[in-house]
Amino acid sequence: GAVVSQHPSWVICKSGTSVKIECRSLDFQATTMFWYRQFPKQSLMLMATSNEGSKATYEQGVEKDKFLINHASLTLSTLTVTSAHPEDSSFYICSARDTLGAAEQYFGPGTRLTVT
Amino acid sequence: RKEVEQDPGPFNVPEGATVAFNCTYSNSASQSFFWYRQDCRKEPKLLMSVYSSGNEDGRFTAQLNRASQYISLLIRDSKLSDSATYLCVVSLDETDSWGKFQFGAGTQVVVTP
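None of these values were measured; they are calculated from a predicted model.

Student: Describe the overall build of chain A, listing the residues and the values that go with them.
Tutor: Looking only at helices and strands, one finds zero helices and 11 strands in chain A. Ordered by position from the N terminus, the helices and strands of chain A form the series β-β-β-β-β-β-β-β-β-β-β. Expressed as lengths along the three principal axes of its C-alpha atoms, the size of chain A is roughly 40 × 25 × 20 Å. Buried positions account for 49% of the 116 residues belonging to chain A. Once local pairs closer than 6 in sequence are excluded, the contacts in chain A between residues at least 24 apart make up 55%. About 5600 Å² of surface is accessible on chain A, with carbon and sulfur atoms providing 53% of the total. The centroid of the 10 positive side-chain charges in chain A is displaced by 6 Å from the centroid of its 10 negative side-chain charges.

Student: Lay out the pairing of strand β3 (residues 19-25) of chain B with the relevant residues and their values.
Tutor: Residues and elements named next belong to chain B. Burial along β3 is one-sided: V19, F21, C23 and Y25 are buried, while A20, N22 and T24, pointing the other way, are not. Here strand β1 (residues 4-6) pairs with β3 via three bridges, running antiparallel. Following the sheet pairing, E5 is matched in β3 by T24. Alignment of β3 against strand β8 (residues 70-75), held across six bridges, turns out to be antiparallel. Counterpart to T24 in the pairing with β8 is Y70.

Student: Any chance you could break down the layout of surface pockets for me, citing the residues and the numbers?
Tutor: Over the atoms, a rolling probe the size of a water molecule traces out where space has been left empty. Considering only enclosed or pocket space, the largest pocket measures out at about 660 Å³ in volume. Lining the largest pocket are 24 residues, with P40, K41 and Q42 of chain A together with C40 and T85 of chain B positioned closest to its centre. Mapped onto the lining of the largest pocket, the elements with two or more residues apiece are β9 (90-97) of chain A together with β9 (84-91) and β11 (107-112) of chain B. Top contributing element to the lining of the largest pocket by residue count: β9 of chain B, with three residues. As for the second largest pocket, its lining consists of 16 residues, and the residues nearest its centre are L44 of chain A together with E3, V4, Q102 and F103 of chain B. Counting residues per element, the ones that place at least two in the lining of the second largest pocket are β5 (45-51) of chain A together with β10 (101-103) of chain B.

Student: Quick rundown of the sheet that holds β8 of chain B? Include the residues and the values.
Tutor: Strands belonging to one sheet form pairs held by backbone hydrogen bonds; the direction of such a pair is parallel or antiparallel. All names here are of chain B. Taken in spatial order, the five strands make up an open sheet running β1-β3-β8-β7-β6, and their pairing is antiparallel. Both outer strands of the open sheet, β1 and β6 (55-57), are each paired with one neighbouring strand and no more. Sheet twist, expressed as the mean angle between neighbouring strand axes with direction ignored, is 20°.

Student: For the environment of W10 of chain A, give the residues involved together with the corresponding values.
Tutor: Residue and element names in this part refer to chain A. Note that W10 resides in strand β2 (residues 10-13). Judged by relative accessible area, which is 59%, W10 ranks as exposed. Sequence separation between W10 and R112 is 102 residues, and the spatial gap between their C-alpha atoms is 4.4 Å.

Student: Describe in detail the state of the cysteines, supporting the description with residues and values.
Tutor: Under the counting rule described, the total for this entry stands at two disulfides over all chains. Two residues share a disulfide in this structure: C23 of chain A and C94 of chain A, whose sulfurs sit 2.0 Å from each other. The disulfide joining C23 of chain A to C94 of chain A has a torsion of about 80° about its S-S bond and is therefore right-handed. On the criterion of sequence distance, the pair formed by C23 of chain A in strand β3 (residues 19-25) and C94 of chain A in strand β9 is long-range, its members being 71 residues apart. This pair shows no difference in class: C23 of chain A is buried, exactly as C94 of chain A is. Between C23 of chain B and C88 of chain B runs a disulfide, and the two sulfur atoms are separated by 1.9 Å.

Student: Break down the nonpolar core for me, with residues and values.
Tutor: W35, F67, L79, Y92 and L113 of chain A are the most contacted members of the largest nonpolar core, which has 24 residues in total. Listed by contribution, the elements that provide at least two residues to this core are β2, β3, β4 (32-38), β5, β7 (67-73), β8 (76-81), β9 and β11 (111-115) of chain A. Those residues within four positions of L113 of chain A in sequence are excluded, and the remaining contacts are V11, C13, V19, V81, D88, S89, S90 and Y92 of chain A. In this structure, V4, W35, F60 and L73 of chain B belong to the second largest nonpolar core, which totals 23 residues.

How each quantity is defined
Residues numbered from 1 in each chain as written. Chains lettered and ligands numbered in written order. Predicted model: local features only at pLDDT ≥ 70, side-chain atom pairs only at ≥ 80, totals over all residues. Heavy atoms only, no water. Helix = DSSP H or I, 4+ residues; strand = E, 2+ residues; numbered from the N terminus. Buried < 20%, exposed > 50% of the residue type's maximum accessible area, 1.4 Å probe, protein only. Contact = heavy atoms within 4.5 Å. Areas by Shrake-Rupley, 256 points an atom, 1.4 Å probe, with all protein chains shown as cover. Lys, Arg positive; Asp, Glu negative; His and termini not counted. Charge placed at Lys NZ, Arg CZ, Asp CG, Glu CD. Pairing = 2+ DSSP bridges. 1 Å grid on protein atoms, 1.4 Å probe; cavity = no way out; pocket = protein on both sides within 12 Å on 5 of 7 lines; lining within 4 Å. Points joined across faces, edges and corners; volume = space filled by probe spheres on them. Axes fitted to C-alpha atoms, helices over the stretch in contact; angles between N-to-C directions. Disulfide = S-S within 2.5 Å. Core = buried A, V, L, I, M, F, W, Y, C linked by side-chain atoms within 4.5 Å.

Here is the structure:
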């Protein structure tokens, strides 16, 4: 149980284009999902908290107009990187919490984004 | 000062040996504590939650010391497959923060034959 999927697992795009990443909880419902970014040899950095049916809450320094988050259902959240630039190249990971209230987060396998 | 601090290692451990390491956290309001492991270029996977009374899962033992604000992880009879980065994770009360995680930078463990 507690499986989270992400799609795509890797993507290469040209500078200026937009990329959408999907995060799905496969066998549980997730009121809250989180989006992280991880650069090589660094820890995960929380970008935003996504609550189903409401606006995402962004961490300080994360541009909400650049990283669009939509959490339209209890099993799906999407992150769209708009007008991507090479400095946006990173490993993007989502996580989800079960609506039943447990504190654990379950992570998706991540999406490796390379912007050329 | 970082919210969650870990010794980055690496801890080089002979196969079959025991290794232990700690993590300290700064916010006394922290409510939930976890150890995750992360393999290179992969997502974190939950290893175990950490309870006030301490808990054990096979070869892994976790302890929580609220007074001194640290948690520990002990791995007995280390296997080659235990080689990974171990992430200390702390969560505040969810009413204030949706249960956001605060991550340590990770402790790298390398088990050698």
